[in-house]
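Residue-level structural notes
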Amino acid sequence: MSRTGPRTPSRTRRLTTAQALVAFLARQYTERDGRRHRLISATWGIFGHGNVAGIGQALVEAGHGGNGTAYRMPYLQGRNEQAMVHAAVGYARQSGRLSAHAVTTSIGPGATNLVTGAALATINHLPVLLLPGDTFATRPADPVLQQLEVPYAGDVSVNDCLRPVSRYFDRVTRPEALIPAALQAMRVLADPAETGAVTLALPQDVQAEAYDWPEEFFAERVWRVRRPAPDTAELEAAVRAVRSARRPLIVAGGGVRHSAAEETLAAFTAATRIPVASTQAGKGALRHDHPADVGGMGHTGTATADELARTADLVIGVGTRYTDFTTASGTLFENPAVRFLNLNITGFDAHKLAALPLVADARTGLEALTSALAGRGYRVDPAYETEYTGAKEAWEEQVEASFTTPDPTARPTQTQVLGLLDTLVTEEDILINAAGSLPGDLHKLWRTRSRDQYHVEYGYSCMGYEIPAAIGVLLATQAQGHEGRPVWALVGDGTYLMNPTEIVTAVQENLPLRLLILQNHGYASIGGLSEAVGGERFGTAYRHRDPDGGFTGPPLPVDLAANAASLGMRVLRATTVDDLRKALAEARSAEGPTCVYVETETPDTVSGPPPAQAWWDVPVAETASRPAAVTAREEYDRRVAARRHHL
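One structure accompanies this document, and this report is about it. (Residues numbered from 1 in each chain as written. Predicted model: local features only at pLDDT ≥ 70, side-chain atom pairs only at ≥ 80, totals over all residues. Heavy atoms only, no water.)

**Regarding the overall build of the protein**
Operational definition: Under the DSSP-based scheme used, a helix requires at least four consecutive residues in state H or I and a strand at least two consecutive residues in state E, with every element numbered from the N terminus. Just to be clear, the radius of gyration here is over C-alpha atoms, and the globule rule we use is 2.2 Å times residues to the power 0.38. For every residue, the accessible area obtained with a 1.4 Å probe (protein chains only) is divided by the maximum for its type, and the residue is called buried under 20%, exposed over 50%, and partly exposed between those limits. Contacts between residues were defined by any pair of non-hydrogen atoms, one from each residue, lying within 4.5 Å. Every accessible area reported is derived by Shrake-Rupley at a probe size of 1.4 Å, with residue values counting cover from the shown protein chains alone. Only four residue types enter the tally: Lys and Arg on the positive side, Asp and Glu on the negative side, with His and both chain ends excluded. Here the site of a charge means NZ on Lys, CZ on Arg, CG on Asp, or CD on Glu.
Looking only at helices and strands, the protein has 24 helices and 24 strands in total. Computed over its C-alpha atoms, the radius of gyration of the protein comes to 26 Å, within 12% of the 26 Å expected for a compact globule of 647 residues. Expressed as lengths along the three principal axes of its C-alpha atoms, the size of the protein is roughly 70 × 70 × 55 Å. Classification of the 647 residues of the protein by burial places 57% in the buried group. Within the protein, counting contacts between residues at least 6 apart in sequence, those at least 24 apart form 77% of the total. On the protein, roughly 25500 Å² of surface is accessible, and the fraction owed to carbon and sulfur atoms is 53%. The positive charge centre, built from 61 side chains, and the negative charge centre, built from 71, are 5 Å apart in the protein.

Printed below as a string of structure tokens:
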């Protein structure tokens, strides 16, 4: 971190704590590879008695040039606190984690609504600054409106719910305490190994309290985003591991994208011909048509990638956390001799699966590994390369079969919807999804055309993420000077009903959000899982109750298209394949927020997506009276026997 503004520590400026915080935030920057970015470029907010007189008043001044034109703090009006965090996360991801948004809320329910979004940000290592209001530090009246009374601790508030989901948490109980707290908050936000949700809880009386702040607090600060290089001994061990491998496989995770290491990864594979599989966060590390790209890895992955994983003798993880979807709950890597080499910026992730660690930035580490291998003559056996390229071609035939829509007058399946979108998009388009059955179909089937086209949040897989995240992505593309990029939010009916409110924000800001709603009358993904584990799809369909208390009656008469229209969107309804093709093309060229609504056909009667290529552990009832659960348990016992610990 460096300070670039004037240093006049003898001078002070009298401001409220909230005014000082906003002025400070407006002067923070990140720098990586010689390029500077505003660290906190805007603040989302919903106002209540816990922040309206403090942060709210400070944002009025900052938004109107009270701190100078160069240091304005733009304000964005949200409708739901969780959604505001999702929008901030979408912005941060599209900005390469080099620029972020702040989110301010009142005390009480406004603050606790942040928890889900904060967990999502921290799990995905994406920066967002949370500024919830808090109860009075001076306690003039106790309790105040919306205060949680804790009999055993007078210093606890509902904001303490944010501690376990934040990478840094502080409660600013005195104005002068803001100085170290704010500096620590910026340090964590800008640290690629530490970043996630950062929370500064702000008691409402402290927000409005005036203090004589040293001018140096408001000097411009540049937080350099590090690219740590690997340790020499770790690098040499990694080189030996690669050179001794006969069937190596790279697993590209989100760290490849966060480090902007895609070209470096392509250069490494060009030199070694090692195939590359991807996690949900890593998909797009190579284009779908790159010879070394073998598609998604794990439970939602391709047959090509998963078969390679089963026989790999060296798995090279680059920027991945190895979740259970990637490892098939510890059953995927079957080769008795398999070993792991993990290139990761955090030692915590680099040591997973008893791996050889290579703790470094993904791009810097790949560059070092490529350079160290150069001249040593390593390249995979041509027969191995022929094997995986041939398997990739065979898988592509399955993709084509799933995408094919032979009858233009029929109602499309979900995968056929994706196929129609696939024929329409270019490398400019960005697809956003997070939950339901769509992530599995997308991971297996989608043909990613650019490094940032595939935006599926699967670290937390949070229903309701898509619409607000798309708004954040749109704001980021505008900030990057790419206003014309089409951004699609893909949602099922279950996800839509969780969080449609930020449609109003897209309308208010006139953002060209493309919303694609797939109506399948329930939780399709969990319905399928319920059936597989003996739950008989109970409680997963959106239908009227039947006389026996179940939900097998007619579909509910819910009109999501009318709902989206009531929130201000232009809506295009499609009932057939041909209708949908036209509606998608029209939406893509639209200038304002536009929704395409389609009711999908179940894949029971037509070609659906390929089944899961690897297992996922969801425990099944050990004792049951119903045959479905008994059968499911037998299958579970068979599968779980294949699990192993990699030691």
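So much for the structure itself; the text now carries on.
**Some words on the pattern of salt bridges**
Quick note on the threshold: Counted as salt bridges are all cases of a side-chain nitrogen of Lys or Arg within 4 Å of a carboxyl oxygen of Asp or Glu.
Counted under the stated rule, the structure contains 45 salt bridges. Ionic pairing is found between Arg 287 and Glu 427, a salt bridge with its closest N-O pair at 3.8 Å. In this pair, Arg 287 sits in the loop between strand E14 (276–278) and strand E15 (293–296) while Glu 427 sits in the loop between helix H16 (414–424) and strand E19 (430–433), placing the two residues 140 residues apart along the sequence. Judged by relative accessible area, which is 35%, Arg 287 ranks as partly exposed.

**Observations concerning the packing of aromatic side chains**
Using the following cut-off: To pair, rings of Phe, Tyr and Trp, with the six-membered ring standing in for Trp, must have centres within 6.5 Å; the planes then decide the type, stacked if under 30 degrees apart, edge-to-face if over 60, and tilted in the middle. The rule is short: NZ of Lys or CZ of Arg within 6 Å of the ring centre and within 35 degrees of the ring normal puts a charge over the ring.
Scanning the entire structure with this criterion turns up twelve aromatic pairs. Residues Phe 47 and Tyr 75 carry aromatic rings whose centres are separated by 5.3 Å and whose planes lie at 20° to one another, so their mutual orientation is stacked. With Phe 47 in the loop between strand E5 (40–45) and helix H2 (52–63) and Tyr 75 in strand E6 (residues 75–77), the pair connects residues that are 28 residues apart, well separated along the chain. Looking at Tyr 75, the relative accessible area reads 31%, which means it is partly exposed. What links up through ring pairs into an aromatic cluster is the set Phe 24, Tyr 211, Trp 213, Phe 217 and Phe 218. When the ring centre of Tyr 454 is taken as reference, the NZ or CZ atom of Lys 283 above it lies at 5.5 Å. Its end group placed over the ring of Tyr 597, Arg 573 keeps NZ or CZ at 5.8 Å from the ring centre.

**Let's talk about the sheet that holds E5**
Where we set the bar: Strands were regarded as paired on the criterion that DSSP finds at least two bridges between them. For helices, the fitted axis covers only the stretch in contact; all axes are lines through C-alpha atoms, and the angles between them, taken along N-to-C directions, range from 0 to 180 degrees.
Pairing is parallel across the open sheet formed by six strands, whose spatial order is E6-E5-E7-E8-E10-E9. The open sheet has two edge strands with one neighbour each: E6 and strand E9 (168–171). Averaged over all neighbouring strand pairs, the angle between strand axes comes to 20°, with direction disregarded. The sheet strands contacting helix H3 (residues 81–94) are E5, strand E7 (100–105) and strand E8 (128–134), and the helix crosses E7 at an angle near 170°.

**Focus: the environment of Arg 581**
Within the fold, Arg 581 resides in helix H23 (residues 577–588). Sequence-wise, Arg 581 and Ala 260 are 321 residues apart; in three dimensions their C-alpha atoms are separated by 34 Å. Excluding residues within four positions of it along the chain, Arg 581 makes contact with Thr 405 and Leu 420.

**A closer look at the pairing of strand E16 (residues 314–318)**
With five of five residues buried, E16 is to be regarded as a mostly interior element. Of the two faces of E16, both are covered, the one formed by Leu 314, Ile 316 and Val 318 as well as the one formed by Val 315 and Gly 317. Where strand E13 (residues 248–252) meets E16, five bridges bridge the pair, whose relative direction is parallel. Within E16, the position partnered with Ile 250 by the bridge is Ile 316. For E16 and strand E17 (residues 339–344), the ladder comprises five bridges, and the chain directions are parallel. Bridging across to E17, Ile 316 finds its partner in Leu 341.

**Focus on unusual backbone geometry**
In this chain, Asp 142 is followed by Pro 143 through a cis amide linkage whose omega measures 10°. Mapped onto the fold, Pro 143 is located in the loop between E8 and E9. Not every positive phi belongs to a glycine, and Ala 260 is a case in point at roughly 55°. Secondary-structure assignment places Ala 260 in the loop between helix H9 (254–258) and helix H10 (262–272).

**Remarks on the sheet that holds strand E20 (residues 454–456)**
Within the open sheet, the six strands sit side by side as E20-E19-E21-E22-E24-E23. Their pairing is parallel. In the strand order of this sheet, the two ends are held by E20 and strand E23 (570–574), each with one partner. Strand-to-strand, the axes of this sheet are offset by a mean angle of 20°, without reference to chain direction. One ladder, built from six bridges, connects strand E22 (residues 513–519) with strand E24 (residues 594–599); its direction is parallel. Across the sheet, Arg 514 pairs through a bridge with Thr 594, a residue of E24. Packing against the sheet, helix H17 (residues 438–445) makes contact with E19, E20, strand E21 (487–492) and E22, and its axis sits at approximately 150° to E20.

**Side note on helix H18 (residues 466–479)**
We apply this condition: Here the expected length of a helix is defined as 1.5 Å per residue gap, with one fewer gap than residues.
Here H18 is 14 residues long and its end C-alpha atoms lie 20 Å apart, about the 20 Å a rise of 1.5 Å per residue gives. Burial analysis of H18 places twelve of its 14 residues in the buried class, which makes it a mostly covered element. Within the span of H18, buried status applies to Glu 466, Ile 467, Pro 468, Ala 469, Ala 470, Ile 471, Gly 472, Val 473, Leu 474, Leu 475, Ala 476 and Thr 477. Downstream of H18 by one or two residues, Gly 481 has phi in the positive range, about 80°.

**Brief notes about the layout of surface pockets**
Condition: Space inside and on the surface of the protein is sampled on a 1 Å grid over the protein atoms alone, with a cavity defined as a set of points where a 1.4 Å probe fits but cannot get out and a pocket as an open set with protein on both sides within 12 Å along at least 5 of 7 lines; lining residues have an atom within 4 Å of a point. Grid points are joined across faces, edges and corners, and a volume is the space filled by probe spheres set on the points. Gly is put with the polar residues, along with every residue not named as nonpolar or charged; the nonpolar set is Ala, Val, Leu, Ile, Met, Phe, Trp, Tyr, Cys and Pro, and the charged set is Asp, Glu, Lys and Arg.
Counted as a void, the second largest pocket has a volume near 1200 Å³. Along the wall of the second largest pocket there are 41 residues; nearest its centre are His 37, Gln 94, Ser 95, Gly 96 and Gln 480. At the level of secondary structure, the elements contributing two or more residues to the lining of the second largest pocket comprise strand E4 (35–38), E5, H3, H9, H10 and H18. Residue composition of the lining of the second largest pocket, by class: twelve nonpolar, 15 polar and 14 charged.

**Things to note about H17**
With eight of eight residues buried, H17 is to be regarded as a mostly interior element. Burial in H17 covers these residues: Leu 438, Pro 439, Gly 440, Asp 441, Leu 442, His 443, Lys 444 and Leu 445.

**Notes on the packing of H16 against H17**
Which entries qualify depends on this criterion: We call two directions roughly parallel when the angle between them is under 35 degrees, roughly antiparallel when it is over 145, roughly perpendicular when it lies between 65 and 115, and oblique otherwise. Should the near helix be turned counterclockwise from the far one by less than a right angle, the crossing is left-handed, whereas a clockwise turn marks it as right-handed.
Direction vectors running N to C along H16 and H17 enclose 50°, while the axes themselves pass 11 Å from each other. The orientation of H16 relative to H17 falls into the category oblique. Seen along the crossing, H16 lies across H17 with a hand that is right-handed. The residues of H17 that touch H16, namely those facing Gln 414, Thr 415 and Leu 418, are Leu 438, Asp 441, Leu 442 and Leu 445. Looking at the contact of H16 with H17, its residues break down into four nonpolar, two polar and one charged.

Note that every value here comes from positions in space, so none of it alone points to a role or purpose.
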